[in-house]
Amino acid sequence: MAPNSIDKKPRTAVSKSDAVYRTLKRAILDQTLAAGTKLPEDSIGDRLGVSRTIVRQALARLNGEGLIELRPHKGACVAQPSLEDGRNILAVRRVLEAMVVETLIGRLTPQQIRRLEAHVDAEDNARVNNASTSIQLSGEFHILLATLTENDVLLRYVTELVSRSSLILSLYGRPHSPDCAVSEHRELIAALALADRDKARSLMTDHIEAITTRALLKAAPEKDFPDLLTAYAREEGL
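For the structure given in this document, a descriptive report is provided here. (Residues numbered from 1 in each chain as written. Predicted model: local features only at pLDDT ≥ 70, side-chain atom pairs only at ≥ 80, totals over all residues. Heavy atoms only, no water.)

## Some points on the pattern of salt bridges
Link 1 in the chain: Using the criterion set out here, one finds 13 salt bridges in the structure.
Link 2 in the chain: With a closest N to O distance of 2.7 Å, Arg93 and Glu97 form a salt bridge. Of the two residues, Arg93 and Glu97 are both situated in helix H4 (residues 83-104); the distance of 4 residues between them amounts to about one turn of the helix. An identical accessibility class is assigned to Arg93 and Glu97; each is buried.
Link 3 in the chain: Salt bridges here are not isolated pairs; linked through shared partners, they connect Glu41, Arg52 and Arg56. (Salt bridge = Lys/Arg side-chain N within 4 Å of Asp/Glu carboxyl O. Helix = DSSP H or I, 4+ residues; strand = E, 2+ residues; numbered from the N terminus. Buried < 20%, exposed > 50% of the residue type's maximum accessible area, 1.4 Å probe, protein only.)

Set out below in structure tokens:
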């Protein structure tokens with residue numbers, strides 16, 4: 001037996017699908033795969049070394065999150081949300097995330113507060129050097145809050161809206177908006193830790209409003225499906 005063979009476990013179809021999903025999601029949020037880019041299953045499978053079935057599973061998840069569009073007889077492409085779409089998405093988020101805050105007031109343990117703080121520390125570390133990771137972590141902060149409510153229905157809807165918002169921000173977000181997100185998240189955690197209901201609700205509402213006003217329309221050139229997934233795939237172990 002080779003010395004390192006014990007550490008190398010074969011990837012299951014599920015884990016491969018997860019890796020393909022994460023690879024494509026990061027490439028979309030980084031705009032390596034621009035809005036409108038076609039996503040042919042066979043090309044993706046060839047480039048990532050997986051079957052079309054695994055690619056199809058990953059695309060179904062991305063479609064469920066609103067990051068891609070699955071068109072009958074035309075295949076998949078990266079979603080092209082408008083700024084008006086973004087405003088509608090964030091309007092619904094404002095309502096749902098007020099519910100998240102309302103549910104969490106007085107319920108968070110010190111360990112959960114530390115978990116939230118650690119997540120925001122990761123956001124802070126990513127904001128300078130990796131814009132797509134920063135956007136993704138910023139969205140995942142809100143998913144983490146929804147997770148802590150232990151309300152599966154609320155979590156499902158928040159997760160979908162956060163993914164859609166992340167795409168909007170990657171397309172239209174003003175430069176340096178991650179700086180604001182980090183400070184706003186820290187203020188929200190502090191209010192939750194103090195069980196200050198009014199302040200926490202106000203901070204969340206203001207935060208979603210700020211995300212909306214930090215949107216800035218900019219042109220995104222159309223591209224054919226690029227051969228630019230290698231770096232993302234390598235990091236996901238494909």
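Picking up where we left off.
## Remarks on the layout of surface pockets
Link 1 in the chain: The space that makes up the second largest pocket amounts to roughly 180 Å³.
Link 2 in the chain: As for the second largest pocket, its lining consists of Tyr21, Arg22, Lys25, Arg26, Arg61, Glu65, Gln136, Glu140, Ile143, Thr159 and Ser163.
Link 3 in the chain: For the lining of the second largest pocket, the elements supplying multiple residues, two or more each, are helix H1 (13-29), helix H6 (131-148) and helix H7 (152-172).
Link 4 in the chain: Here the lining of the second largest pocket gets 4 residues from one element, more than from any other, and that element is H1.
Link 5 in the chain: Residue classes in the lining of the second largest pocket are distributed as 2 nonpolar, 3 polar and 6 charged. (1 Å grid on protein atoms, 1.4 Å probe; cavity = no way out; pocket = protein on both sides within 12 Å on 5 of 7 lines; lining within 4 Å. Points joined across faces, edges and corners; volume = space filled by probe spheres on them. Nonpolar A, V, L, I, M, F, W, Y, C, P; charged D, E, K, R; others polar.)

## Points about the packing of helix H2 (residues 41-48) against helix H3 (residues 52-64)
Link 1 in the chain: H3 packs onto H2 with a crossing angle of 110° between their chain directions and a minimal axis gap of 9 Å. By the angle between their axes, H2 is roughly perpendicular relative to H3. In the crossing of H2 with H3, the sense of the turn from one axis to the other is right-handed. Along the contact surface, H2 presents Glu41, Asp42, Ile44 and Gly45, while H3 presents Arg52, Val55, Arg56 and Leu59.
Link 2 in the chain: By residue class, the composition of the contact of H2 with H3 is 3 nonpolar, 1 polar and 4 charged. (Axes fitted to C-alpha atoms, helices over the stretch in contact; angles between N-to-C directions. Parallel < 35°, antiparallel > 145°, perpendicular 65-115°, else oblique. Left-handed = near helix turned anticlockwise from the far one by under 90°. Contact = heavy atoms within 4.5 Å.)

## As for the nonpolar core
Link 1 in the chain: Ranked by internal contacts, the top residues of the largest apolar core, which has 31 residues, are Leu116, Leu145, Leu188 and Leu192.
Link 2 in the chain: Going through the elements one at a time, H4, helix H5 (110-126), H6, H7, helix H8 (177-193) and helix H9 (197-213) are the ones with two or more residues in this core.
Link 3 in the chain: Setting aside its immediate chain neighbours within four residues, Leu188 contacts Val101, Phe141, Leu145, Ala200, Leu203 and Met204. (Core = buried A, V, L, I, M, F, W, Y, C linked by side-chain atoms within 4.5 Å.)

## As for the packing of H4 against H7
Link 1 in the chain: Following both chains from N to C, one finds H4 and H7 inclined at 140°, their axes separated by 9 Å at the closest point. The crossing of H4 and H7 is left-handed. Between H4 and H7, the residues in contact are Leu83, Gly86, Ile89, Leu90, Val92, Arg93, Leu96, Glu97, Met99 and Val100 and Leu154, Tyr157, Val158, Leu161, Val162, Arg164, Ser165, Ile168 and Tyr172, respectively.

## Looking at the environment of Leu67
Link 1 in the chain: With respect to the element layout, Leu67 can be found in the loop between H3 and strand S1 (68-71).
Link 2 in the chain: Using a relative accessible area of 0% as the deciding quantity, one classes Leu67 as buried.
Link 3 in the chain: Taking the C-alpha atoms as reference, Leu67 lies 7.0 Å from Ser163; in sequence the two are 96 residues apart.
Link 4 in the chain: Here Leu67 is in contact with Lys25, Ile28, Leu62, Val78, Ala79, Ser163 and Leu167, once residues within four sequence places are set aside.

## Concerning the packing of aromatic side chains
Link 1 in the chain: Applying the stated criterion to the full structure yields 0 aromatic pairs.
Link 2 in the chain: Positioned above the aromatic ring of Tyr21 is the side chain of Arg61, whose terminal nitrogen or guanidinium carbon lies 3.7 Å from the ring centre.
Link 3 in the chain: Note that Arg156 overlies the ring of Tyr157, its terminal NZ or CZ placed 5.5 Å from the centroid. (Phe/Tyr/Trp six-rings, centres within 6.5 Å; stacked < 30°, edge-to-face > 60°. Lys NZ or Arg CZ within 6 Å of the ring centre and 35° of its normal.)

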